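Residue-level structural notes
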Amino acid sequence: MAASDIVVIMDFDKTIIECDSDNWVVDELGVTRLFNQLLPTMPLNSLMDTMMKELHAQGTTIDDIVAVLKRTPIHPRIIQAIKSANELGCDLKIVSDANVFFIETILEHHGLRGCFSEIDTNPSFIDEEGRLRIFPLHDFSRHPHGCHHPCPPNMCKGIVIERIQASLSAMGEKKTVIYMGDGLGDFCPSLKLGDGDYMLPRKDFPVWDLICKNRKQIKAEVCEWSNGEEFEHVLLHLITKISFEKTQHC
């Protein structure tokens, strides 16, 4: 099946789900004021670990956090699009600045975890005290990633994409990459895509604005989308188009 030659890489916040998962949890659990007070003082990734400590001290349990995550807004057409792409044989991956616990909890709730072969995000775990700990993917205090694009200190998605591309090359098969994202951190990986790949930015979101201003730097074909219906239509249309072209070249 030609779709097996397609790798679909998705951001998570405001791409798969309709909001920022960090902000959603903070707001729903009533600690927005403290979050906003501390935001100027530390990187977001470190701040979320601090917020989990504060919530634990207030008596918030992991079950409370899970209940909030299960209410995270996600468009039903995006759920269906992910399931359809997986059923067609695409290799689906997530590259996100959220964290493992948030992402996997939401995906499992919607029956989507098994659709993804890989999740590259900030590590997290529940410690012996029952507190959720969140850490950076890249240890910026010891080994800064050094990217000059608008990547947060804890994660350069461009580096992650290069690693995925290297892994695909090592397999000796030519794969077409489709990348979907919305934020500033999704600009760097868009620069790593080549001719024959596709960049799907969410229209009128930060990455869309950056791509519009730097269009000549993008080698991939750009196809925008705005909402859940367009997410599904654009993604599945591209998968069909690429699959057909690959069968014609066989």
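Residues numbered from 1 in each chain as written. Predicted model: local features only at pLDDT ≥ 70, side-chain atom pairs only at ≥ 80, totals over all residues. Heavy atoms only, no water.

Going by an unreviewed UniProt entry, the chain carries the name Phosphoethanolamine/phosphocholine phosphatase 1 and comes from Hibiscus trionum. Looking at the chain in UniProt, the text filed under Cofactor (unreviewed entry) is "Mg(2+)". (UniProt positions renumbered as here; feature names shortened; annotations may be inferred.)

Brief notes about the packing of aromatic side chains
In the structure shown here, the tally under the stated rule is two aromatic pairs. Between the aromatic rings of F125 and F135, the centroid separation amounts to 5.8 Å while the plane-to-plane angle is 10°, which identifies the pairing as stacked. Residue F125 is located in strand β4 (residues 124–126), and its partner F135 is located in the loop between β5 (132–134) and α7 (157–170); the two are separated by ten residues in the primary sequence. Since its relative accessible area comes to 43%, F125 is described here as partly exposed. Ring plane angle 90° and centroid distance 5.2 Å describe the contact between W225 and F231, whose orientation is recorded as edge-to-face. (Phe/Tyr/Trp six-rings, centres within 6.5 Å; stacked < 30°, edge-to-face > 60°. Helix = DSSP H or I, 4+ residues; strand = E, 2+ residues; numbered from the N terminus. Buried < 20%, exposed > 50% of the residue type's maximum accessible area, 1.4 Å probe, protein only.)

A look at the packing of helix α4 (residues 62–70) against helix α6 (residues 100–109)
Two numbers describe how α4 lies on α6: the axes approach to 9 Å, and their chain directions differ by 60°. Between α4 and α6, the interaxial angle falls into the category oblique. The two elements α4 and α6 meet at a crossing, and its hand is right-handed. Of the residues in α6, those in contact with I62, I65, V66, L69 and K70 of α4 are F101, F102, T105, I106 and H109. A per-class count over the contact of α4 with α6 returns seven nonpolar, two polar and one charged. (Axes fitted to C-alpha atoms, helices over the stretch in contact; angles between N-to-C directions. Parallel < 35°, antiparallel > 145°, perpendicular 65-115°, else oblique. Left-handed = near helix turned anticlockwise from the far one by under 90°. Contact = heavy atoms within 4.5 Å. Nonpolar A, V, L, I, M, F, W, Y, C, P; charged D, E, K, R; others polar.)

Some details on the UniProt feature "active site" (unreviewed entry) in the chain
Under the present numbering, the feature "active site" (unreviewed entry) in UniProt falls on D11 and D13. Structurally, the position occupied by D11 is in the loop between β1 (6–10) and α1 (21–28). Not counting the four nearest positions on each side in its chain, D11 is found in contact with I16, V95, S96, K157, M180, G181, D182 and D186. Within the structure, D11 has its side chain in polar contact with the side chain of K157 (distance 2.9 Å). Topologically, D13 is positioned in the loop between β1 and α1. By relative accessible area, which is 11% here, D13 ends up buried. (Polar contact = N/O pair within 3.5 Å; in protein donor to acceptor, adjacent residues only side chain to side chain.)

Quick notes on the sheet that holds β1
Backbone hydrogen bonds are what pair the strands of a sheet, in a parallel or an antiparallel way. One open sheet accounts for six strands, arranged β3-β2-β1-β6-β7-β8; its pairing is parallel. For this open sheet the edge positions go to β3 (116–122) and β8 (221–222), each flanked by a neighbour on one side alone. Bridging between β1 and strand β6 (residues 176–181) involves five bridges; their strand directions are parallel. Note that in β6 the partner of V8 across the bridge is I178. Its contacts with the sheet put α6 on β2 (91–99) and β3, and the angle it makes with β2 is roughly 130°. The strands touched by helix α9 (residues 206–213) within the sheet are β6, β7 (198–201) and β8, with β7 carrying the most contacts at an inclination of about 130°. (Pairing = 2+ DSSP bridges.)

Section: unusual backbone geometry
Although it is not a glycine, K14 adopts a positive phi angle of roughly 65°. Phi is positive for D204, which is not a glycine, with a value near 70°. Considering the arrangement of structural elements, one finds D204 in the loop between β7 and α9. Owing to a relative accessible area of 59%, D204 belongs among the exposed residues under this scheme.

What to know about α4
Turning to α4, its buried residues are I62, I65, V66, V68 and L69. What you see down the axis of α4 is that its buried residues fit within an arc of 160°, all on one side. Along its buried surface, α4 packs onto α1, α3 (44–57), α6, β4 and β5. (Arc of directions from axis to C-beta.)

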